[in-house]
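Here is what each chain is made of, one letter per residue.
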Amino acid sequence: QVQLVESGGGLVQAGGSLRLSCAASGSIVSINRMGWYRQAPGKQRELVALMTSGGSTNYADSVKGRFTISRDNAEKTVYLQMNSLKPEDTAVYYCTAEVLVRGEWVRTNSWGQGTQVTVSS
């Protein structure tokens, strides 16, 4: 069983910063990509940022230059530093990870949980 536990969401004024964390636990041998999605009210879920175990990153155009993804492979944790936040960043943020469990690569997500980020104008 693999679990992803997020923390760090909250309410912040426009221009402010937040840092999200997501820790993976369970019978994980290895983790390839880890990252973040978000879903705003009335909108489809969208990719925010991904990072491979080797350090390659991929960002949504809307967050480039403002958000930074990082990870601690030893702690199986991924972070999202969000700066210069805008009201349009308001959404529930979800964690995702590709994990090696019992010899099989599995993509796991936290769709049922997530952490709320609210940016006031």
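Everything quoted here is computed from the prediction, not taken from an experiment.

Draft legend 1. Structural detail: the state of the cysteines. Within the structure shown, the criterion is met by one disulfide. A sulfur-sulfur distance of 2.0 Å marks the disulfide that ties C22 to C95. Torsion about the S-S bond of the C22 and C95 cystine: about -90°, corresponding to left-handed handedness. With C22 in strand β3 (residues 18-26) and C95 in strand β9 (residues 91-101), this pair connects stretches of sequence that are 73 residues apart. Exposure remark for C22: the relative accessible area of 0% places this residue in the buried category. The class for C95 is buried, based on a relative accessible area of 0%.

Draft legend 2. Summary view of the packing of aromatic side chains. Evaluated as defined, the whole model comprises two aromatic pairs. Relative to W111, the ring of Y37 lies with its centre 5.5 Å away and its plane at 90°, an arrangement referred to as edge-to-face. Of the two residues, Y37 sits in strand β4 (residues 30-39) while W111 sits in the loop between β10 (104-109) and β11 (115-120), which places them 74 residues apart along the sequence. The exposure class of Y37 is buried, given its relative accessible area of 16%.

Draft legend 3. Region of the structure containing the nonpolar core. Of all hydrophobic cores here, the largest spans 32 residues; its most connected members are W36, V48, F67, I69, L80, M82 and Y93. Every element with two or more residues in this core is listed here: β1 (2-7), β3, β4, β5 (46-51), β7 (67-72), β8 (77-82), β9 and β11. A per-element tally of this core places β9 first, with six residues. The residues touching M82, leaving out its near neighbours within four places in the chain, are G16, S17, L18, L20, R66, F67, Y93 and V117.

Draft legend 4. How the structure looks around the environment of S7. Following the sequence through the fold, S7 ends up in strand β1. The exposure class of S7 is partly exposed, given its relative accessible area of 40%. Sequence spacing of S7 and G103 is 96 residues, and the spatial spacing of their C-alpha atoms is 29 Å. Apart from residues no more than four positions distant in its own chain, S7 is found in contact with R19, L20 and S21.

Draft legend 5. Inspection of the environment of M51 at higher detail. Here M51 shows up in strand β5. Residues M51 and V78, spaced 27 residues apart in sequence, show a C-alpha to C-alpha distance of 8.5 Å. Apart from residues lying up to four places away in sequence, M51 is in contact with N32, R33, M34, S56, T57, I69, S70 and R71.

Draft legend 6. Local environment of the pairing of β4. Across eight bridges, the pairing between β4 and β9 is antiparallel. Its bridge partner lying in β9, W36 is registered against C95. Relative to β5, β4 is paired through five bridges, and the arrangement is antiparallel. Looking across to β5, one finds that R38 is bridged to E46.

Cut-off values and rules
Starting from 1, residues in each chain are numbered consecutively following that chain's sequence as written. Local features are withheld for residues below a pLDDT of 70 in this predicted model, meaning they are given only at 70 or higher, and side-chain atom pairs are given and counted only at 80 or more; totals for whole chains, interfaces and linings count all residues. The basis for every side-chain value is the complete set of heavy atoms in the structure, and neither hydrogens nor water enter the calculation. Criterion for a disulfide: a pair of cysteine sulfur atoms within 2.5 Å. Each helix corresponds to a stretch of at least 4 residues labelled H or I by DSSP, and each strand to a stretch of at least 2 residues labelled E; elements are numbered beginning at the N terminus. Relative accessibility under 20% of the residue-type maximum defines a buried residue, over 50% an exposed one, and the middle range a partly exposed one, all with a 1.4 Å probe and only protein chains included. What counts as a ring pair is set by centres within 6.5 Å for rings of Phe, Tyr and Trp (its six-membered ring), and what kind of pair is set by the plane angle: stacked under 30 degrees, edge-to-face over 60, tilted for all other angles. Put simply, a nonpolar core is a bunch of buried Ala, Val, Leu, Ile, Met, Phe, Trp, Tyr and Cys residues held in one set by side-chain atoms that sit within 4.5 Å of each other. Here a residue-residue contact requires only that any non-hydrogen atoms of the pair lie within 4.5 Å. Strands are treated as partners if at least two bridges between them are detected by DSSP.

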